[in-house]
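Fold and geometry: a report
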Amino acid sequence: SVSGMASAKVDDDFPQIISNNGRYALLVDSKPYLLLAAQTNNSANYPAALPDVWPVVEQMHANTLVIPVAWEQVEPDEGKFDFSFVDTLIAQAREKQVRLVLLWFATWKNNAPHYAPAWVKLDNQRFPRVKTRDGKTLNSLSPHHRSTLEADKKAFVQLMRHLKKVDRQKTVIMVQVQNEVGTYGSARDYSAHAEEIFQQAVPQKLLADVGKKSGSWSEVFGKDADEFFHAWHIGRFVDEITEAGKREYPLPMYVNVALRNPYHPGEPGQYSSGGATDNVIHIWKSAAPNIDLIAPDIYFRDHKTATRVMELYTRNDNPLYIAEIGNDQPYVRYFFDAIGHGALGFAPFGMDNTKYSNYPLGAETMDEKVIKPFADLYRVFGAMDSEWAEISLNNRTWGFSEPVDTYSPDKELWNAKGSDQEVKEQRGPEDFTQRQDLGDWTAEITYGRPAFWIDPPKGNNPASGGAVIAELSRDEFLVVGYHARVSFSPSKELQDEQFTFERVEEGHFENGEWVFERVWNGDQTDWGLNFIYRPHVLKVKLATYKTN
Ligand code: N0T
């Protein structure tokens with residue numbers, strides 16, 4: 001089960017994460033809930049910014065807004081709390097019928113204490129920063145000081161207490177603790193105080209959880225010692241805050257990760273050291289049992305790297321949730337991979353009209369062209385968010401996105417080292433074809449082919465296709481595709497059998513029940529299931545028949 005759930009006993013109607021054999025769902029109002037989310041740009045956490053936020057949430061058909069709450073705004077003077085922004089936000093969210101995920105920007109906001117109050121970030125005596133090996137002071141707070149932990153914890157507890165008081169109807173459904181924790185520029189804190197702790201034995205709990213024999217950090221972890229030490233201590237710091245917050249009000253709580261590139265990781269400190277990068281997830285799981293999930297922030301534009309990240313963060317002990325993903329066109333299709341991995345949700349970053357753009361991470365401008373492809377997907381999945389989340393909790397699912405990245409002629413694809421542009425010229429149909437063994441049946445997904453015949457796939461320009469398949473019963477699948485063709489054929493198990501679609505129904509869900517609209521047949525099915533302009537929801541029944 002999800003780590004934090006063991007300790008937190010909450011009412012059935014309280015937001016919580018449940019699991020079923022390594023598959024997960026977030027429950028909201030006692031029902032599975034798919035987070036079709038939008039995250040604002042940074043600095044949108046003031047009432048004056050909100051009018052620029054809601055229109056995009058609405059155009060996108062998002063059911064959830066992900067938005068910061070800053071320590072500096074709730075405790076500008078030590079011990080004096082002001083939750084007026086939170087109150088305004090909750091009131092407006094209710095009016096719009098949108099749920100909230102709050103981001104606690106405090107000790108670490110991408111490495112730095114920028115969102116901490118002045119009384120914290122200006123007092124380096126009381127709240128010391130990380131020191132490099134050469135004694136340079138970095139603008140990243142050290143995890144080794146009770147003073148920092150206690151101050152942050154006190155504010156976080158007040159926030160959770162406030163939510164408990166004002167949010168009886170559970171508009172806020174989840175909380176992110178800190179943002180992209182870790183330190184750039186050093187693997188760990190090398191201050192004298194940190195050094196003393198580093199020389200001590202590795203804690204028993206960590207040794208037991210990772211199956212190592214006792215010793216100092218260097219003896220146990222060798223060349224990984226510095227990074228693992230930093231990850232453990234940041235993890236413990238975050239866990240203690242989380243535990244205290246949950247004691248007030250036990251919402252699901254998670255951390256997000258400034259990823260390292262899984263294929264070209266570089267050295268700790270070149271990426272955010274101490275955050276839950278793919279190489280230290282096990283350290284974090286041991287250090288932070290109250291954290292319900294560890295969520296990747298995906299800014300790799302290429303298919304190979306983006307989908308690899310999803311594999312790395314989908315684990316029996318970790319439900320996938322895409323805490324952030326760039327909002328530009330190439331990223332949209334990765335929605336299908338995410339939900340194919342059973343993700344609890346998906347939150348494109350920078351979805352507001354505050355006239356800011358984090359390009360090249362996301363899109364250059366915010367306009368209808370950026371919003372529309374997300375809206376196409378969210379509209380369809382929004383109409384069955386609870387049903388999908390329940391199917392995903394209990395059934396096998398597979399997601400696919402167009403594998404060949406496309407490039408505009410004048411620009412290479414930013415942050416896409418995983419993608420090999422060189423071989424682009426020699427692409428053949430196989431490059432645009434994905435096959436998945438589903439058991440008795442094999443699915444084939446192809447991209448960029450005419451609606452008729454078996455003409456080979458050439459890919460879409462730009463790459464934009466995707467599909468997801470859920471197994472409803474042995475021969476029955478729910479299929480949603482977009483700019484793709486989905487075909488089925490017998491697997492080895494049914495090798496010599498004749499087969500056909502018994503019936504392909506297009507429909508939708510109402511209150512958990514499938515509502516039939518029409519049968520897809522003829523052009524819509526003769527060459528496979530062709531998903532052209534927008535996603536459709538199909539229930540596909542496959543069958544074999546005897547010829548003698
Ligand atoms: C993200 C966002 C926001 C060479 C960036 C991503 C958000 C934070 N950080 O717009 O700041 O609050 O979580 C860092 C990605 C760096 C990629 C560098 C690739």
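For the structure itself, look to the data block above.
Below is a short write-up of the structure. (Residues numbered from 1 in each chain as written. Predicted model: local features only at pLDDT ≥ 70, side-chain atom pairs only at ≥ 80, totals over all residues. Heavy atoms only, no water.)

Some words on the site of the ligand
Near the ligand lie 14 residues; those nearest to it are Lys109, Asn179, Glu180, Glu324 and Asn358. Within the side chain of asparagine 42, one N or O atom sits 3.1 Å away from an oxygen atom of the ligand. Contacts to the ligand include asparagine 110, whose side-chain N or O atom sits 3.2 Å from an oxygen atom. For the ligand, the accessible surface in isolation is 500 Å², of which the surrounding protein chains cover 71%. In the shell around the ligand, the residues fall into four nonpolar, six polar and four charged. (Near = heavy atom within 4 Å. Polar contact = N/O pair within 3.5 Å; in protein donor to acceptor, adjacent residues only side chain to side chain. Areas by Shrake-Rupley, 256 points an atom, 1.4 Å probe, with all protein chains shown as cover. Nonpolar A, V, L, I, M, F, W, Y, C, P; charged D, E, K, R; others polar.)

A closer look at the side chain of histidine 162
Along the chain, histidine 162 turns up in helix α5 (residues 146-166). Overall, the relative accessible area of 10% leaves histidine 162 in the buried class. (Helix = DSSP H or I, 4+ residues; strand = E, 2+ residues; numbered from the N terminus. Buried < 20%, exposed > 50% of the residue type's maximum accessible area, 1.4 Å probe, protein only.)

Some thoughts on the sheet that holds strand β22 (residues 529-531)
The pairing of strands in a sheet happens through backbone hydrogen bonds and is either parallel or antiparallel. Taken in spatial order, the four strands line up as β15-β16-β19-β22 in an open sheet, and their pairing is antiparallel. Of all the strands in the sheet, just β15 (433-437) and β22 have a single pairing partner and so form its edges. Each strand axis lies, on average, 20 degrees off the axis of its neighbour in the sheet, ignoring direction. Two elements, β15 and strand β16 (residues 441-446), share five bridges in a ladder whose sense is antiparallel. When the sheet's bridge partners are listed, glutamine 436 is paired in β16 with alanine 443. (Pairing = 2+ DSSP bridges. Axes fitted to C-alpha atoms, helices over the stretch in contact; angles between N-to-C directions.)

Points about the packing of aromatic side chains
A complete count under the given rule lists 22 aromatic pairs for this structure. Aromatic side chains phenylalanine 14 and tyrosine 249 sit 5.1 Å apart centroid to centroid with 85 degrees between the ring planes, which places their arrangement in the edge-to-face category. On the criterion of sequence distance, the pair formed by phenylalanine 14 in the segment before β1 (16-20) and tyrosine 249 in the loop between α9 (225-248) and β10 (253-258) is long-range, its members being 235 residues apart. Accessibility assignment for this pair places phenylalanine 14 and tyrosine 249 in one class, buried. Among the aromatic residues, ring-to-ring pairing joins Phe335, Phe336, Phe346, Tyr378, Phe381 and Trp388 into one connected group. Arginine 188 extends its terminal NZ or CZ atom over the ring of phenylalanine 198, reaching a point 3.7 Å from the ring centre. Directly above the aromatic system of tyrosine 263 lies the positively charged group of lysine 304, at a separation of 4.5 Å from the ring centroid. (Phe/Tyr/Trp six-rings, centres within 6.5 Å; stacked < 30°, edge-to-face > 60°. Lys NZ or Arg CZ within 6 Å of the ring centre and 35° of its normal.)

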